[in-house]
Amino acid sequence: MVEKQTWTTLILGAGAAGMMCAAHAGPDVLVIDHAKAPGEKIRISGGGRCNFTNMHAAPDCFISANPHFCKSALSRYTQWDFVDLVGRHGVGWHEKTLGQLFCDRSARDVIAMLRAEMDAAGATLWLRTSVIDVDATPEGFRVSLEREGARVEIHARNLVLATGGKSIPKMGATGLAYRLARQFGLALTDIRPALVPLTFGPEAGFAELSGLSVPARVSAGGTAFDEALLFTHRGLSGPAILQASSYWRDGDGITLDLAPGTDLSARLREMKRAGGKRALHTALADLLPARLAADLARRHGLTGNLADQSDARLAGIAEALSAWHLVPTGSEGYRTAEVTLGGIDTDGLDSRTMAARRVPGLYAIGEAVDVTGWLGGYNFQWAWSSGWAAGQAI
Ligand code: FDA
């Protein structure tokens, strides 16, 4: 005998977006998740302190085939609304850098806050529950679930897809939202790992620099980010690379400026005038970490003193260091990507409500949708804003 239950709203996924939606979707809401705890990505985010939003969150910090889609939800539930919410729950926070807001204590405080909001709204949460299949019915949806070894059939008027993207399968990412979206006739954009380290072959010689972090400007696909760049055994990482990875496509190059905001050519000419007897690589070590300066001197065959270099040669060296063009072999993939770029095509969704235009009662929110934020709290803000927007509409 299959147990049957009727709910007004069934939310698939108790992550950031699903919990936020549940807190606002009115009574008679069931949230299910196959994980053993809700908000697992919140728990591990921001090094355990959850970078829960960004003071500068604005539509131009999000990537989507339709850059206008995110505007409505972001403007109706803003970063300041979320800051108010954490304030009301007594969760201490601080700005780390670039407007990124983190919990003072622990990301678990954000999860506890969302659980409390869900409880206050009367929402029910079932964990360790998997989705077997979903069908449309004249009244809405019939969803077969497996819970504690038993089948349960849920009938619901509203169904919210909040199961996120494909990043970090080890943490439970499955791509279920994409499968169900397709089943209901919603289009998907291309999806790919984003906010992810880029990999290079051994010939790039980055292994020797592994562990070194420098400020840099990294450009990819016409967009540049000024943040830290980290050399790793397998390639490049650090915030500047993670950001650029969202704009990088297979086979394309990226450009590193290792002295952003500095006219390197002019600095090298000044140094030559001030002390031409200095070895070129020692002079470079005034501008860059010594290990990187030595490595670059080797790569570019930079020998001799400053005085031995013509101004044109110094300009060439400056160019090599401020426009270092590299072609990654790939990325670390969904195994480590913080997010999935792309997703459910926003053409099929109402930007005010997150409802599927042609499937009454179906909603999609959070990372499953083709709206991807920059690094720095933007992706959670999209989860809060889109979850709230759907909750209001339901
Ligand atoms: P999310 O992935 O949070 O939730 C989806 C839920 O659905 C999960 O609970 C999952 O178990 C469940 N689920 C999936 N498939 C299912 C299935 N088949 N059946 C049942 N349940 C299923 N962002 C940010 O703004 N600031 C930050 O500090 C960080 N840090 C960070 C660190 C790391 C390591 C990662 C991987 C990601 C981040 N992010 C981030 C990104 C952020 O975590 C992400 O954008 C949001 O969690 C997306 O919220 P969603 O609710 O859409 O999906």
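Remember, predicted model here, so these are calculated numbers, not experimental data.

1. Looking at the UniProt feature "domain: RsdA/BaiN/AoA(So)-like Rossmann fold-like" (unreviewed entry) in the protein
According to UniProt, the positions carrying the feature "domain: RsdA/BaiN/AoA(So)-like Rossmann fold-like" (unreviewed entry) are residues 9-392. This span, residues 9-392, is 29% helix and 25% strand, and a straight line between its end C-alpha atoms measures 13 Å.

2. Focus on the pairing of strand 2 (residues 29-32)
Where burial is concerned, the two faces of strand 2 agree: the one with Val29 and Val31 and the one with Leu30 and Ile32 are both buried. Bridge analysis of strand 1 (residues 3-12) against strand 2 gives four bridges, and the strand direction is parallel. When the sheet's bridge partners are listed, Leu10 is paired in strand 2 with Leu30.

3. A closer look at the sheet that holds strand 6 (residues 100-103)
The strand order 3-6-5 describes an open sheet built from three strands, whose pairing is antiparallel. Two strands bound the open sheet, and with one partner strand each, they are strand 3 (51-54) and strand 5 (93-95). This sheet shows a mean twist of 30° between the axes of neighbouring strands, independent of strand direction. Contacting strand 3, strand 5 and strand 6, helix 4 (residues 79-88) crosses the sheet at an angle of about 140° to strand 3.

4. Regarding the site of the ligand
Close to the ligand lie 29 residues; Ala17, Asp33, Thr174, Glu367 and Phe380 are nearest. His34 places a main-chain nitrogen or oxygen 3.2 Å from a nitrogen atom of the ligand. At a separation of 3.4 Å, an oxygen atom of the ligand approaches a polar backbone atom of Gly46. Residue assignment for the shell around the ligand shows that the elements contributing at least two residues are helix 1 (16-22), helix 2 (40-44) and helix 12 (378-393). If one sorts the elements of the shell around the ligand by residue count, helix 12 sits on top with four residues. Across the shell around the ligand, the residue classes tally to twelve nonpolar, 13 polar and four charged.

5. Overview of helix 4
Looking at helix 4, one finds that the buried residues are Gln79, Phe82, Val83, Leu85 and Val86. The arc that holds the buried residues of helix 4, viewed along the axis, is 155°, so those residues lie on one side. The secondary structure elements touched by the buried residues of helix 4 are helix 1, strand 3, strand 5, strand 6, helix 5 (108-121) and helix 12. For helix 4, the capping residue at the N-terminal end is Thr78, with a side-chain oxygen 3.1 Å from the backbone nitrogen of Trp80. A positive backbone phi angle near 70° is found at Gly90, which sits one or two residues after helix 4.

6. Quick notes on unusual backbone geometry
One non-glycine residue, Cys50, lies in the positive phi region at around 50°. By relative accessible area, which is 0% here, Cys50 ends up buried. With a phi angle near 50°, Leu98 is a residue other than glycine that sits in the positive phi range. Within the element layout of this structure, Leu98 appears in the loop between strand 5 and strand 6. Judged by its relative accessible area of 47%, Leu98 is partly exposed.

7. Some words on the UniProt feature "signal peptide" (unreviewed entry) in the protein
According to UniProt, the "signal peptide" (unreviewed entry) feature falls on residues 1-25. Secondary structure across residues 1-25 divides into 28% helix and 40% strand, with the first and last C-alpha atoms of the span separated by 30 Å.

8. Section: the pattern of salt bridges
With the rule as written, the count across this model stands at 13 salt bridges. A salt bridge links Arg142 to Asp135; the shortest N-O distance between them is 3.1 Å. On the basis of relative accessible area, Arg142 is assigned to the partly exposed category, the value being 29%. The exposure class assigned to Asp135 is partly exposed, which follows from its relative accessible area of 28%. Across the pair Lys272 and Asp311 runs a salt bridge, and its minimum N-O distance is 2.9 Å. With a gap of 39 residues between them, Lys272 in helix 8 (residues 264-274) and Asp311 in helix 11 (residues 311-322) connect regions that are remote in the sequence. Among the residues examined, Asp311 registers a relative accessible area of 40% and is labelled partly exposed. If you follow the salt bridges from partner to partner, you end up with Arg234, Glu332 and Arg335 in one network.

9. As for the packing of aromatic side chains
One pass over the full model with this rule turns up 13 aromatic pairs. Here Phe82 and Trp384 contribute two aromatic rings whose centre-to-centre distance is 4.2 Å and whose plane-to-plane angle is 5°, an arrangement assigned as stacked. Within this pair, whereas Phe82 is found in helix 4, its partner Trp384 is found in helix 12, the two being separated by 302 residues in sequence. As far as the burial class goes, Phe82 and Trp384 line up, both buried. Taken together through their ring pairs, the aromatic side chains of Phe62, Phe225, Tyr247, Trp374 and Tyr378 make up a single cluster. Above the plane of the ring of Phe102 lies Lys96, whose end atom (NZ or CZ) is 4.6 Å from the centre.

Calculation notes
Residues numbered from 1 in each chain as written. Predicted model: local features only at pLDDT ≥ 70, side-chain atom pairs only at ≥ 80, totals over all residues. Heavy atoms only, no water. UniProt positions renumbered as here; feature names shortened; annotations may be inferred. Helix = DSSP H or I, 4+ residues; strand = E, 2+ residues; numbered from the N terminus. Buried < 20%, exposed > 50% of the residue type's maximum accessible area, 1.4 Å probe, protein only. Pairing = 2+ DSSP bridges. Axes fitted to C-alpha atoms, helices over the stretch in contact; angles between N-to-C directions. Contact = heavy atoms within 4.5 Å. Near = heavy atom within 4 Å. Polar contact = N/O pair within 3.5 Å; in protein donor to acceptor, adjacent residues only side chain to side chain. Nonpolar A, V, L, I, M, F, W, Y, C, P; charged D, E, K, R; others polar. Arc of directions from axis to C-beta. Salt bridge = Lys/Arg side-chain N within 4 Å of Asp/Glu carboxyl O. Phe/Tyr/Trp six-rings, centres within 6.5 Å; stacked < 30°, edge-to-face > 60°. Lys NZ or Arg CZ within 6 Å of the ring centre and 35° of its normal.

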